[in-house]
Structures are given as C-alpha cells and as structure tokens.
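Take a look at the letters that make up each chain.
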Amino acid sequence: MLAQFARAILLSAILGVPALDAQAGESSSCGGRVETIIRTAYPDAQKNDETTFQFGGSTIQINDGETIGDTPHTVKCRVWPANPQLALVAVPLIKSTNDDGTIGDLELLVIETASLAVKHRLLLADRMTDDAVSISAVEFDTARYRLTQEQTAFGLRISTTGSSRPNPYYGVGLWLYVIENGSLRPVLDGLIVSQNAGEWDTNCAGEFQSSESTLAMSSKRTNGYADITLVETKSTRTSFVEKDNECKDKTVTSKPQTMRLVYNGERYPIPEDRRAVAE
C-alpha cells in the first residue's frame, strides 16, 4: 500500500538506508587504515578523540566500527576495482551541524593502495551542506564506467531525504569523475538515478511518483568519450480508502524511456529536470 511505501521512505530518512546501494561497505574496505589515511592526507589535523579529527575549522569523522555507525559524515574508502593499485576516499569536512542542517565540504582523494600516498585530490565546496532535504548517504560507485579504451570513471552516489512526513522525498544523485592529465575532475555532475516523492494524508490517501534509471556505456563516441545510454522507468502509486474503510492502492508503470547523454568536450550535460538536489 502507499502508506507502506511512504513509511519506507521515512525509514530511510531515520536509518540512512539508500535506495540504490550499488557498492556497500566502503568504511571497512581499506582494511582499518582510515586513521592512517587521514594522518597522511591531513598532516596538520589534530585528533580530538577516538573517532574525530579537527582540521582547521572542520571536523573529520572516522568509523571505528564500535562507537559509531556508518553515517553520511564518516570518511568512506574503497579500493578501485578498475585500478586496484589505487583507492578512493571521500572525506566530509563538516563545519557545523544542528537541527536546521549541516554546513560542510567534501574532499575526494585518490591514494596509492599500498603506501596510502595521495595521488590526486579534489575539494567539492559545500557538497555536504544541506537543510530540510538532508544528505542521508555518501557512497562510491565502482561499476565499470568505461569512457574510452584506456579511461574508466568512478562514481559517487549521494542520497538525500526530505524531512516532511506528508510530503516525503528520497533521491539518489550520481557524479562521475576521471583522472585526466594528472588531475581529478568531474565529467557527470549530479544526475538523478533514483527518486521517490509525493503527498499523502499520513494515513492512507495520497499519490507518489517514483523513477529508477540505469546507465550503460554506448559504443558510439562523441568528442572522444562514449555516449551514455540512460534508461528511465517511472511509476505512479495511488492509495485510497474504499467503502469498507480498507486502504487500497494501484500502481501504473510507464514504458521505459531512453535518452542519450553526450560528452561536450568537458562533461556530460544533464537536463535540468534530472539534476540532483545535492549539487
């Protein structure tokens, strides 16, 4: 029923459970070396306690596996399967957090798996800043986004969750990054790949729209990079109270829609209606 659907969205807000968890377990995939990674990448950072460092005006939080769980504000680390000699690290730099939201940046690091030396880094200003629509998960997506014979991108998925009970919202945005000419840069900047939103009376009656998208690398290339084929499926679920006071629902699913994302020489432009909330 729609009520259960809405509750599932609300549950994801409480637990931080992503709708699309393509690559789970980032926090433990670097073999317990996250603290060493932070000390190497941020030599001026001061350790506050077992799980936090202070770096300038920002707090860096690590997951020790005991005192805190995996939250969107903890450092994420994953060995890159396409280039196993390298590991990917996402470091939330949190400046402040309260009931009104969070202010912070996110820094991406590409490090040597063996030595932990930083090879590339990219600061994403305000990427961890949120308010009523909060960031509920940050994850690496290491599916093989092969853009050329030699070039493979890696993904970053950021999940966002709305705080309104009568108007729940949940979305997942995808960013793609490549290492090119000695630097790390984005080529896909916040594409919505999953979204659930709607309105209900918090009891039964209401309507929700959902969309799910899959990406595939095309054999066709534009400006040297493979076109990306995007297949999107949308559905609408309506719930209503029958004469017997039972809550019933019906779902209408549209035919999959296909579109192509084409590289313009710098990045893959995204239509405005498919741009992620978190930018």
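For the structure given in this document, a descriptive report is provided here. The structure displayed is predicted, hence computed values, not measured ones. (Residues numbered from 1 in each chain as written. Predicted model: local features only at pLDDT ≥ 70, side-chain atom pairs only at ≥ 80, totals over all residues. Heavy atoms only, no water.)

### A closer look at the environment of N48
Note that N48 resides in the loop between β1 (46-47) and β2 (52-55). For N48, the contacting residues outside a window of four places in its chain are F53 and Q54. (Helix = DSSP H or I, 4+ residues; strand = E, 2+ residues; numbered from the N terminus. Contact = heavy atoms within 4.5 Å.)

### Quick look at the pairing of strand β3 (residues 58-61)
Alternating residues of β3 divide into S58 and I60, all buried, and T59 and Q61, none buried. Both β2 and β3 contribute to a ladder of four bridges, which runs antiparallel. Bridge pairing links F55 to S58 in β3. With antiparallel pairing between neighbouring strands as the criterion, β2 and β3 make up a hairpin whose turn holds two residues, including G56 at a positive phi of roughly 60°. (Buried < 20%, exposed > 50% of the residue type's maximum accessible area, 1.4 Å probe, protein only. Pairing = 2+ DSSP bridges.)

### As for the state of the cysteines
Overall, the coordinates contain two disulfides when judged by the stated rule. The disulfide that involves C30 links it to C77, with 1.6 Å between the sulfurs. Between C30 and C77, the S-S torsion sits near -70°, and that sign places the bridge as left-handed. Of this pair, C30 sits in the loop between α1 (2-15) and α2 (34-41) while C77 is found in strand β4 (residues 76-79), placing the two residues 47 residues apart along the sequence. According to the relative accessible area criterion, C30 is buried, its value standing at 6%. Take C77: its relative accessible area is 0%, and that puts it in the buried class. Here C204 is linked by a disulfide to C247, with a sulfur-sulfur distance of 1.9 Å. Here the disulfide of C204 and C247 is right-handed, its torsion about the S-S bond being about 90°. Separated by 43 residues along the polypeptide, C204 in the loop between β11 (183-200) and β12 (206-222) and C247 in strand β14 (residues 247-253) bring together distant segments of the chain. Since its relative accessible area comes to 3%, C204 is described here as buried. Residue classification places C247 among the buried residues on the basis of a relative accessible area of 19%. Cysteines bonded in the chain are numbered consecutively along the chain; their disulfide partners then correspond to 1-2, 3-4. (Disulfide = S-S within 2.5 Å.)

### Remarks on the packing of aromatic side chains
In total, this model carries six aromatic pairs according to the counting rule given. Ring pairing ties together the aromatic residues W80, F140, F154 and Y177, which thus form one cluster. (Phe/Tyr/Trp six-rings, centres within 6.5 Å; stacked < 30°, edge-to-face > 60°.)

### Structural notes on the side chain of S159
Looking at the element boundaries, S159 is found in strand β9 (residues 152-162). S159 sits in the buried class, given a relative accessible area of 0%. A polar contact is formed between the side chain of S159 and the side chain of Y170, at a distance of 3.3 Å. (Polar contact = N/O pair within 3.5 Å; in protein donor to acceptor, adjacent residues only side chain to side chain.)

### Some details on unusual backbone geometry
Located in the positive-phi region is L116, a residue other than glycine, with phi close to 70°. Note on placement: L116 falls in the loop between β6 (101-112) and β7 (118-124). Of note in this structure, N223 is not a glycine but carries a positive phi near 55°. Turning to its location among the elements, N223 is positioned in the loop between β12 and β13 (225-241).

### Some remarks on the nonpolar core
Considering soluble globular proteins, one finds that nonpolar side chains tend to be buried as a cluster. Ranked by internal contacts, the top residues of the largest apolar core, which has 22 residues, are L106, L108, F140, F154, L156, Y177 and L184. Every element with two or more residues in this core is listed here: β5 (86-98), β6, β7, β8 (133-146), β9, β10 (169-180) and β11. It is β5 that contributes the most residues to this core, four residues altogether. (Core = buried A, V, L, I, M, F, W, Y, C linked by side-chain atoms within 4.5 Å.)

### Regarding the pairing of β13
Direction of pairing for β12 relative to β13: antiparallel, over a ladder of 14 bridges. When the sheet's bridge partners are listed, E207 is paired in β13 with T238. Counted between consecutive antiparallel strands, the loop separating β12 from β13 contains two residues, among which N223 sits at a positive phi close to 55°. Of the strand pairs in this sheet, β13 and strand β15 (residues 257-261) are connected by five bridges, and their pairing is antiparallel. Residue pairing for β15: V231 is matched across the bridge by T258. Pairing between β13 and β14: seven bridges, direction antiparallel. Bridge pairing in β14 links T238 to K250. Connecting β13 to the antiparallel partner β14 that follows it, the hairpin turn spans five residues, and N245 within it adopts a positive phi of roughly 70°.

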